[in-house]
Amino acid sequence: YFGHSGPVYKVRCNPYWENIFLSCSADWTVKLWNYKEENPVYTFQSLDLTDQVNDIEWSRTTSTVFGSVTDDGRIEIWDLAHSPLDPLIVKKRDNEGNQAPRTTIRFAPHCPVVITGDTNGVIDVFRIKNMEHEEITDDDQKARLEEAILQKSSSSTVKTNVNEHVQE
């Protein structure tokens, strides 16, 4: 597979569909791959992002949701069922205080919580509000992801206010 133009930092397999995985890189992008295809299915990059993406993680409760963290300290939460063009949530560092790059992101296994760590040794815990977290079967999770990937031609996006979704 060739798709990134810089070092790849992480690769994560989707927990609901073994064919699908994500990669993140110093080239400022996250890519979604199907292991049966040579080229990436999607490339994700926020327009204002000019820093490397250090880590990625699939949600354990929703097959179409993943998160990423970057050198400029931001957290992005993407939902392929919502839009492959823009993250659903972007949480940037405040202008004051800690400006350290975020290096790791994890979703809690059974609740709407994201945990991040940075180069200063700081761990932040965020509650994600107003996002779908319904219990469905693994087969339904896979079908949901397949449908979202098939809607690749969708070009509509809806930006939301990060304060509606993230609580420190």
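Q: When you look at the pattern of salt bridges in this model, what are you seeing that I'm missing?
A: Tallied over the full model, the rule gives 11 salt bridges. Among the salt bridges present, the one from R106 reaches D55, with a minimum N-O distance of 2.9 Å. Taken as a pair, R106 in strand 9 (residues 102-107) and D55 in strand 5 (residues 53-58) lie far apart in primary sequence, 51 residues in all. Residue R74 is joined to D72 by a salt bridge in which the shortest nitrogen-to-oxygen separation is 2.8 Å. Assessed through its relative accessible area of 24%, D72 is described here as partly exposed.

Q: Looking at this model, I keep getting lost on a negative patch on the surface. Mind explaining?
A: There is a patch of like negative charges on the surface, built from E134, E135, D138, D139 and D140. Residue placement: D138 occurs in helix 1 (residues 138-150).

Q: Would you explain a nonpolar patch on the surface in this entry?
A: A cluster of nonpolar residues, I115, I123 and V125, forms a patch on the protein surface that exposes about 270 Å² of accessible area. Tracing the chain through its elements places V125 in strand 11 (residues 123-128). Classification of V125 by relative accessible area gives partly exposed; the value is 48%.

Q: In this structure, what is going on with the nonpolar core? I would like to understand it.
A: Nonpolar side chains tend toward joint burial in soluble globular proteins. Ranked by internal contacts, the top residues of the largest apolar core, which has 19 residues, are L22, V30, L32, F44, F66, L80 and I149. When residues no more than four places from it in sequence are discounted, the contact partners of F66 are L22, V30, F44, E57, W58, S59, E76, I77, W78, L80 and F107. The next biggest cluster of nonpolar side chains, apart from the first, holds 12 residues, and it includes I75, F107, I128 and M131.

Q: Just checking my understanding: could you explain the pairing of strand 3 (residues 30-34) for this structure?
A: In the case of a regular strand, side chains alternate between the two sheet surfaces. Judged by how many residues are buried, strand 3 sits mostly within the fold: five of five residues are covered. Going residue by residue along strand 3, you find V30, L32 and N34 tucked away on one face and K31 and W33 tucked away on the opposite face as well. Pairing between strand 2 (residues 20-25) and strand 3: five bridges, direction antiparallel. Its bridge partner being in strand 3, F21 is matched across the sheet by W33. Remark: four residues form the turn of the hairpin made by strand 2 and strand 3, two consecutive strands paired antiparallel; W28 in that turn has positive phi of roughly 75°. Bridge count for strand 3 against strand 4 (residues 42-44) is three bridges, and the pairing is antiparallel. Paired with V30 across the strands is F44, a residue of strand 4.

Procedures and definitions
Residues numbered from 1 in each chain as written. Predicted model: local features only at pLDDT ≥ 70, side-chain atom pairs only at ≥ 80, totals over all residues. Heavy atoms only, no water. Salt bridge = Lys/Arg side-chain N within 4 Å of Asp/Glu carboxyl O. Helix = DSSP H or I, 4+ residues; strand = E, 2+ residues; numbered from the N terminus. Buried < 20%, exposed > 50% of the residue type's maximum accessible area, 1.4 Å probe, protein only. Patch = residues over 30% accessible without salt bridge, like charges linked within 9 Å, V, L, I, M, F, W, Y side chains within 5 Å. Areas by Shrake-Rupley, 256 points an atom, 1.4 Å probe, with all protein chains shown as cover. Lys, Arg positive; Asp, Glu negative; His and termini not counted. Charge placed at Lys NZ, Arg CZ, Asp CG, Glu CD. Core = buried A, V, L, I, M, F, W, Y, C linked by side-chain atoms within 4.5 Å. Contact = heavy atoms within 4.5 Å. Pairing = 2+ DSSP bridges.

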